[in-house]
Amino acid sequence: MNQTGQILIGVAAGLLVCWLILLAVLALARPKGNLLTEAARLLPDLLRLVARLARDRTLPRSTRALLWTLAGYLALPVDLVPDFIPVLGHADDAIAVALVLRAVVRRAGTDALTRHWPGTAGGLDAVRRLAGLPAADRRK
């Protein structure tokens, strides 16, 4: 085998290792219980939420940049786990959204989530749990 072939094999092996590491990180960061299923079900509302938050000029620029990066990742046809794989295909998108929402809540607060949420109150409770927050108390 020539040197070019060895380099190509090395690059392919390196990419495979990086992909496996990213999958392991996603598996460790996944929401617990049935929250991942809820997040996949709420994905259309979550996409609208990400777009609304990304356009909110009251949020810090770094937070909006993170949201635009997420929107770009979600728009790309190439994912860590291809979308044509049932259930798992959208799981990586839901996990990426959960990780970014946690960062957004830490930087911008929970009011931004509530203000921009386009779905139902039950959906907002699921998003709050996805972001690592307790569900809202409605007994007030």
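For the structure itself, look to the data block above.
Now for a look at the structure at hand.

Calculation rules
Residues numbered from 1 in each chain as written. Predicted model: local features only at pLDDT ≥ 70, side-chain atom pairs only at ≥ 80, totals over all residues. Heavy atoms only, no water. Helix = DSSP H or I, 4+ residues; strand = E, 2+ residues; numbered from the N terminus. Buried < 20%, exposed > 50% of the residue type's maximum accessible area, 1.4 Å probe, protein only. Contact = heavy atoms within 4.5 Å. Patch = residues over 30% accessible without salt bridge, like charges linked within 9 Å, V, L, I, M, F, W, Y side chains within 5 Å. Areas by Shrake-Rupley, 256 points an atom, 1.4 Å probe, with all protein chains shown as cover. Salt bridge = Lys/Arg side-chain N within 4 Å of Asp/Glu carboxyl O. Core = buried A, V, L, I, M, F, W, Y, C linked by side-chain atoms within 4.5 Å.

### What about the overall build of the protein chain?
Alright, step 1. For the protein chain, the count of helices and strands is seven helices and zero strands.
Alright, step 2. Helices and strands appear in the protein chain in the N-to-C order α-α-α-α-α-α-α.
Alright, step 3. Expressed as a percentage of the 140 residues in the protein chain, the buried residues total 38%.
Alright, step 4. By sequence separation, contacts in the protein chain at least 24 residues apart represent 60% of the contacts at least 6 residues apart.

### Quick look at a nonpolar patch on the surface
Alright, step 1. Nonpolar side chains collect at one region of the surface, where I7, V11 and L15 lie side by side and expose about 290 Å² of accessible area between them.
Alright, step 2. Considering the arrangement of structural elements, one finds I7 in helix α1 (residues 3-29).

### Some remarks on the pattern of salt bridges
Alright, step 1. Evaluation of the coordinates by the stated rule reveals two salt bridges.
Alright, step 2. A salt bridge links D45 to R48; the nearest nitrogen and oxygen atoms lie 2.1 Å apart. Taken together, the positions of D45 and R48, both in helix α3 (residues 43-55) and three residues apart, correspond to about one turn of that helix.
Alright, step 3. Overall, the relative accessible area of 15% leaves D45 in the buried class.
Alright, step 4. Judged by relative accessible area, which is 41%, R48 ranks as partly exposed.

### A word on helix α7 (residues 121-130)
Alright, step 1. Across the ten residues that make up α7, a large majority, seven, are buried.
Alright, step 2. Of the positions making up α7, those classed as buried are G123, L124, D125, A126, V127, R128 and L130.
Alright, step 3. Count one or two residues on from α7 and you reach G132, which has phi positive near 85°.

### A look at the nonpolar core
As a rule of thumb, nonpolar side chains are buried together in soluble globular proteins.
Alright, step 1. Judged by nonpolar contacts, the single largest core of 27 residues is most densely connected at L46, L49, L53, L67, L101, L113 and V127.
Alright, step 2. Examining the composition of this core, we find that seven residues originate from one element, helix α5 (residues 88-108), more than from any other.

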